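Tertiary structure, described
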Amino acid sequence: MRYAIPPPAMPSLPVLGSDARFPVRRIFCIGRNFADHAREMGAAVDREQPMFFCKPADAVVSDGADVPYPSATGELHHEVEMVVALSGGGRDIGTDAAESLIFGYGVGLDLTRRDLQAQAKAKGHPWDVAKAFDHSAPVSALRPAERGRPGPQTRLALTVNGELRQQAVLGSMVHDVPAIIAALSKLFELRSGDLVFTGTPAGVAALRRGDRFHAELEDIATLDGRIA
Ligand code: MN
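A brief look at the structure comes next.

**With respect to the overall build of the protein**
Assigned secondary structure in the protein consists of five helices and 17 strands. The C-alpha radius of gyration of the protein comes to 17 Å, within 12% of the 17 Å expected for a compact globule of 228 residues. For the C-alpha atoms alone, the extent of the protein along its principal axes is close to 45 × 40 × 35 Å. By the burial criterion, 50% of the 228 residues in the protein qualify as buried. Of the contacts made within the protein by residues no fewer than 6 positions apart, 76% connect residues no fewer than 24 positions apart. Accessible surface, the protein: about 10,700 Å² in total, of which carbon and sulfur atoms supply 50%. Across the protein, the mean location of the 25 positive side-chain charges is 4 Å away from that of the 28 negative side-chain charges.

Now the structure itself:
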């Protein structure tokens, strides 16, 4: 294969305990997956049909790297989320088969231009400019599933400048991971290299230049970075 221009680099994430990296194909995100966050946004949880949106693969930012403050917003918000990385995929995946497609787990921030999201909601516009901007997806190194899986009691937390902003246990998710994978696979053919952001609990708030964040998925992964 010869390309007319040099092909762009494949976005990737480090893997804990390995020098091999995980190549990122697509990033899927579920919205409104914790009732307390849906409530703080003035939205309702839909227990039947999850709500999804996407970010581009090259929005990933690796652990420890600076995140540039995005253009065109005065209200950059953090949303701490468990991230699931897939080593397999398919269409119409059953909840029983979903676990076997998981490569590993990490923790990430679904960074959001909240002011632009509010405008989009008011006008009935798509969310892309609010959610899918450059550097909008900082993600930790991934822990392979055979080296530890999170459970319903696993704690998800975010501190900013040492102050606790968000925390929850995964058992309070509205749609669990198999249900998310099953629902997504009815809308998109999932493939190896896909990442799934699984939703944020209450406590979303603004990040400012110079803020240092520390996200943690208990016993699984941590993510540190700074808004530059
Ligand atoms: Mn989110």
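Moving on, there is more to tell.
**Details of the coordination of the manganese ion**
Between any two of four tetrahedral donors, the ideal angle at the metal is 109.5 degrees; between two of six octahedral donors, it is 90 or 180 degrees. For the manganese ion, the full set of protein donor atoms is Glu79 (OE), Glu81 (OE) and Asp110 (OD), at a range of 2.0 to 2.1 Å. Sequence spacing of the donors to the manganese ion: E-x1-E-x28-D. Note that glutamate 79 is positioned in the loop between strand S7 (76–77) and strand S8 (80–86) and aspartate 110 in the loop between strand S9 (102–109) and strand S10 (112–113), a separation of 31 residues in sequence. For the residue pair glutamate 79 and aspartate 110, the accessibility class agrees, reading buried in each case.

**As for the environment of alanine 141**
Along the chain, alanine 141 turns up in the loop between strand S11 (137–139) and strand S12 (143–144). For alanine 141, a relative accessible area of 14% puts it in the buried group. Spatially, the C-alpha atoms of alanine 141 and leucine 16 are 5.9 Å apart, while their sequence positions differ by 125 residues.

**Some points on helix H3 (residues 114–123)**
The complete set of buried residues in H3 reads Arg114, Asp115, Leu116, Gln117 and Ala120. Phi for glycine 124, located one or two positions after H3, is positive at around 70 degrees.

**Observations regarding the packing of aromatic side chains**
Scanning all chains against the criterion turns up three aromatic pairs. Between phenylalanine 28 and phenylalanine 188, the aromatic rings sit 5.0 Å apart at their centres with planes inclined by 45 degrees, giving tilted as the arrangement. With phenylalanine 28 in strand S3 (residues 27–31) and phenylalanine 188 in the loop between helix H5 (177–184) and strand S15 (195–197), the pair connects residues that are 160 residues apart, well separated along the chain. Of the residues examined, phenylalanine 28 reaches a relative accessible area of 1% and is grouped as buried. Aromatic side chains phenylalanine 53 and tryptophan 127 sit 5.7 Å apart centroid to centroid with 55 degrees between the ring planes, which places their arrangement in the tilted category. With phenylalanine 53 in strand S4 (residues 51–55) and tryptophan 127 in the loop between H3 and helix H4 (128–131), this residue pair connects regions lying 74 residues apart in the sequence. On the accessibility criterion, phenylalanine 53 (10% relative accessible area) is buried. When the ring centre of phenylalanine 133 is taken as origin, the NZ or CZ atom of lysine 55, which lies over that ring, is 5.9 Å away. The side chain of arginine 209 reaches across the aromatic face of tyrosine 69, ending 4.3 Å from its centre.

Reading the values: rules and limits
- Residues numbered from 1 in each chain as written.
- Predicted model: local features only at pLDDT ≥ 70, side-chain atom pairs only at ≥ 80, totals over all residues.
- Heavy atoms only, no water.
- Helix = DSSP H or I, 4+ residues; strand = E, 2+ residues; numbered from the N terminus.
- Rg over C-alpha atoms; globule rule 2.2 N^0.38 Å.
- Buried < 20%, exposed > 50% of the residue type's maximum accessible area, 1.4 Å probe, protein only.
- Contact = heavy atoms within 4.5 Å.
- Areas by Shrake-Rupley, 256 points an atom, 1.4 Å probe, with all protein chains shown as cover.
- Lys, Arg positive; Asp, Glu negative; His and termini not counted.
- Charge placed at Lys NZ, Arg CZ, Asp CG, Glu CD.
- Donors = N, O, S within 2.8 Å, 3.2 Å for Na, K, Ca; no water.
- Phe/Tyr/Trp six-rings, centres within 6.5 Å; stacked < 30°, edge-to-face > 60°.
- Lys NZ or Arg CZ within 6 Å of the ring centre and 35° of its normal.

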